Amino acid sequence: SCVHPDRPEPLDLHLGMFLPTLLNQATPEQMERFFTPAWNLRIIGTYAQTEMGHGTHLRGLETTATFDPSTQEFVLHSPTISSIKWWPGGLGKTSNHAIVLAQLHTQGRCHGLHAFIVPIRDMDTHVPLPGVVVGDIGPKFGFSEVDNGFLKLEHVRIPLDNMLMKFAKVEPDGTYVKPPSAKLTYGMVFIRSMIVGQSALALAKSCTIAIRYSAVRHQSELRPGEPEPQILNYQTQQHKLFPVLAAAYAFTFVGQYMKDTYRRISGDIHAGDYSQLPELHALSAGLKAFTTWAANAAIEVCRMSCGGHGYSRSSALPDIYVEFTPTCTYEGENTVMMLQTASRYLVKSYRQASVGQRLQGSVSYLSEAAAQRLRPRPVSGGAAPLSTQDLLSLVHLYQRRAASLVELAAKSIQQELQRGRSQEEAWNHSSIDLVRASDAHCHFVVVKLFVDKLEQVDDAAVKAVLSTLALLYALKGLADNSGDFLQAGLLTVPQATRVSARIKELLEELRPDAVALVDAFDLNDRKLNSVLGRYDGNVYEHLYEWARQSPLNATEVHESFHKYLKPLRSRL
Ligand SMILES: CCCCCCCC/C=C\CCCC(=O)SCCNC(=O)CCNC(=O)[C@H](O)C(C)(C)COP(=O)(O)OP(=O)(O)OC[C@H]1O[C@@H](n2cnc3c(N)ncnc32)[C@H](O)[C@@H]1OP(=O)(O)O
Ligand SMILES: Cc1cc2nc3c(=O)[nH]c(=O)nc-3n(C[C@H](O)[C@H](O)[C@H](O)COP(=O)(O)OP(=O)(O)OC[C@H]3O[C@@H](n4cnc5c(N)ncnc54)[C@H](O)[C@@H]3O)c2cc1C
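Scoring rules and cut-offs
- Residues numbered from 1 in each chain as written.
- Chains lettered and ligands numbered in written order.
- Predicted model: local features only at pLDDT ≥ 70, side-chain atom pairs only at ≥ 80, totals over all residues.
- Heavy atoms only, no water.
- Salt bridge = Lys/Arg side-chain N within 4 Å of Asp/Glu carboxyl O.
- Helix = DSSP H or I, 4+ residues; strand = E, 2+ residues; numbered from the N terminus.
- Buried < 20%, exposed > 50% of the residue type's maximum accessible area, 1.4 Å probe, protein only.
- Near = heavy atom within 4 Å.
- Polar contact = N/O pair within 3.5 Å; in protein donor to acceptor, adjacent residues only side chain to side chain.
- Areas by Shrake-Rupley, 256 points an atom, 1.4 Å probe, with all protein chains shown as cover.
- Expected span 1.5 Å × (residues − 1).
- Domains from an automatic or database assignment.
- Buried area = accessible area lost by both parts, 1.4 Å probe.
- Nonpolar A, V, L, I, M, F, W, Y, C, P; charged D, E, K, R; others polar.
- Phe/Tyr/Trp six-rings, centres within 6.5 Å; stacked < 30°, edge-to-face > 60°.

**Student:** Teacher, can you tell me more about the pattern of salt bridges here?
**Tutor:** Side chains that differ in charge, positive against negative, can pair when their charged atoms come close. Enumeration according to the criterion identifies 25 salt bridges in this entry. A salt bridge links Asp-260 to Arg-263, with the nearest nitrogen and oxygen atoms 3.6 Å apart. Here Asp-260 pairs with Arg-263, and both are found in helix α4 (residues 235-270), just three residues apart, close to one helical turn. Note on Asp-260: relative accessible area 46%, which makes it partly exposed. Classification of Arg-263 as exposed rests on a relative accessible area of 54%. Here Asp-484 and Arg-436 are joined by a salt bridge, their closest N and O atoms 2.8 Å apart. With a gap of 48 residues between them, Asp-484 in helix α13 (residues 482-487) and Arg-436 in helix α11 (residues 431-454) connect regions that are remote in the sequence. Salt bridges sharing common partners tie together Arg-401, Arg-436, Asp-439 and Asp-484.

**Student:** Mind showing me how you'd approach the environment of His-396 here?
**Tutor:** Within the element layout of this structure, His-396 appears in helix α9 (residues 391-418). It is 42 Å that separates the C-alpha atoms of His-396 and Glu-221, two residues lying 175 residues apart in sequence.

**Student:** How should I be thinking about the site of ligand 1 in this particular structure?
**Tutor:** Near ligand 1 you find 26 residues, and of these Arg-59, Lys-183, Tyr-186, Gln-340 and Lys-348 are the closest. Here Leu-58 contributes a backbone N or O atom positioned 3.5 Å from an oxygen atom of ligand 1. Residue Gly-332 places a main-chain N or O atom 3.0 Å away from an oxygen atom belonging to ligand 1. Isolated, ligand 1 exposes 1,300 Å² of accessible area, and the fraction of that covered by the protein chains is 82%.

**Student:** Explanation requested: α11 in the structure shown.
**Tutor:** Counting along an α-helix, one turn takes 3.6 residues, and residues three or four places apart therefore face a common direction. An ideal rise of 1.5 Å per residue puts 34 Å on 24 residues; α11 measures up with 35 Å between its terminal C-alpha atoms. Extensive coverage of α11 is indicated by the burial of 18 of its 24 residues.

**Student:** Got a minute to help me understand the domain arrangement of the protein chain in this structure?
**Tutor:** In many reports, interface size means the accessible area that the parts give up when they come together. Assigned domains within the protein chain: domain 1 (11-173) and domain 2 (189-357 + 392-406 + 432-517). With centres defined by C-alpha atoms, the gap from domain 1 to domain 2 works out at 36 Å. Buried surface at the junction of domain 1 and domain 2, both sides included, amounts to about 890 Å², of which 67% is carbon and sulfur. Our count for the domain 1 to domain 2 interface comes out at zero salt bridges. Here the residues of the side of domain 1 that touches domain 2 sort into four nonpolar, four polar and one charged.

**Student:** Whenever I open this one, the packing of aromatic side chains confuses me. Can you help?
**Tutor:** Two aromatic rings, taken as a pair, are described by how far apart their centres are and by the angle between their planes. Across all of its chains, the model carries 13 aromatic pairs by this definition. The interplanar angle of 20° and the centroid separation of 5.9 Å between the aromatic rings of Phe-35 and Trp-39 together place this pair among those described as stacked. Of this pair, Phe-35 and Trp-39 both sit in helix α2 (residues 28-39), four residues apart, roughly one helical turn. Residue classification places Trp-39 among the exposed positions, given a relative accessible area of 60%. Cluster of aromatic residues (ring-pair linked, three or more members): Tyr-249, Phe-253, Phe-450 and Phe-521.

Set out below in structure tokens:
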């Protein structure tokens, strides 16, 4: 954002969560008091929700905010070690304010989690304020530039007006006024929606590096006596990289869709219509998990496809991985997000469809599936003919797989209940099926959005190559998940064999356009920061130059020789 484009920064939370949370949850008066100074970086804020003991289970958070009507203040307190806020980016050393999520207590009752603006450091000296114990949590897997921090609040007093009161309120006498919808206090749908676009960017960067390098790198022999081929000509290399390229395009379109959907539904919410919030929550949670998991795995595929040089930080791929991988955990751990989508939306929608309700939005196919279940099945049964060319029929196939896995998960819960398990136990014993159902639903949404996007492309040549990519994305997903399709009776073994053959043809079709397709992401050398992914392809000269700049090469004889090796040698 500020100094290093696309790299994690101490100010990310200020820009990505503190300001957006104010925009969504502050009253006009609070906007004036906090937003303008925050926009001017006088106030630097972070978002402090997670505690040492709880991240996922928000109802388990222990920090309290107790209203004291005699002083018109909230008293913020961390009652236990496990209640210390832990992880917030920029909290350790950078921020002078934090949005703290705490259990609100007023008039002797607890009203659950609410957001409070807590000053933590003096605005001029930056010294921690009385009662605030704050610091950095120490080295991590990556994110070294970010001071993820801890925060212990010891009876810290803040004014009544520092509770974000756009929705829920506390009156001066301590009366609690409920929000119009309890779900509004969860938030998080904004960043989850944006993370989908970040998955696309991470994939675009990784496959740009790997595909450009694979066009530069020559290795081994294809035909004896002939020059070594570009490694991009090996079918296995194409099989590793072209599906990643296809996914990068798919996720780019899904990322755009999520941005638009967020804008549309949050517009409705601001106008007082909350009916689409469950769709936004389910889509943002599920697609955040689906795309980050896929991108996380694909970055490693790209790194390994570059052989030894992929392991060098000059490739940029190790950094892309360590900076991207926490997206699978933060903003809602992925398995937990998949379970939200499944149990809070898909299974509920399945039940509604089963009793004849017509569903809207991304789950409308469950109504179709329910209607189909009521129709008599053809005696012959078996999978329908499969076209490895027709994108719409593939979308339909993904839709039917999703419907079938949602049904499987819903039935699993039902069976567990019939065995006498409690609702909670039945849910836990069905959670593998629930995650699988979410995954299939998200996969369907991605394939559908990719195919829908093609309708908006006018240029015939661009449309043709994007259609090939969409076909590859859909067929590769089919091959990777063939067990699901076979199990649901949507695919036969001979059809699966044809899918594999068609994938090979598509790889060959895409080969001539592969470099142009990554160039089209328009990621310049500064943004990529990769020796292997250079636009001009002068990899070897610059690899040598990069190595020469290594700090170890500052002297011809390193001091370790005199300090350790020489004395050691003399003792042997
Ligand atoms: C410009 C952008 C780029 C900036 C990039 C910045 C990068 C910065 C780097 C890192 C940032 C990291 C920040 C963080 O990680 S902040 C902490 C994030 N923490 C989480 O996300 C916690 C995850 N946990 C939860 O979300 C919840 O606790 C839960 C998993 C949903 C469970 O909660 P709970 O048990 O209370 O809820 P239920 O399952 O019972 O659900 C109750 C009903 O509420 C609905 N629900 C739940 N969540 C939401 C939501 N977010 N929005 C709307 N509705 C929600 C749910 O569906 C239930 O509905 P029902 O109708 O079934 O009653
Ligand atoms: C780099 C980074 C930056 C972060 N920045 C911030 C920040 O700015 N602000 C902030 O507040 N937080 C931040 N976090 C914290 C982050 O949001 C949490 O770590 C995240 O929400 C996951 O919660 P947890 O750590 O409690 O994981 P846990 O919930 O303990 O997860 C551990 C395992 O338990 C499983 N599990 C947990 N609950 C369930 C369930 N109900 N069903 C099935 N399985 C379950 C999970 O699937 C996972 O496998 C950050 C984290 C990282 C890594």
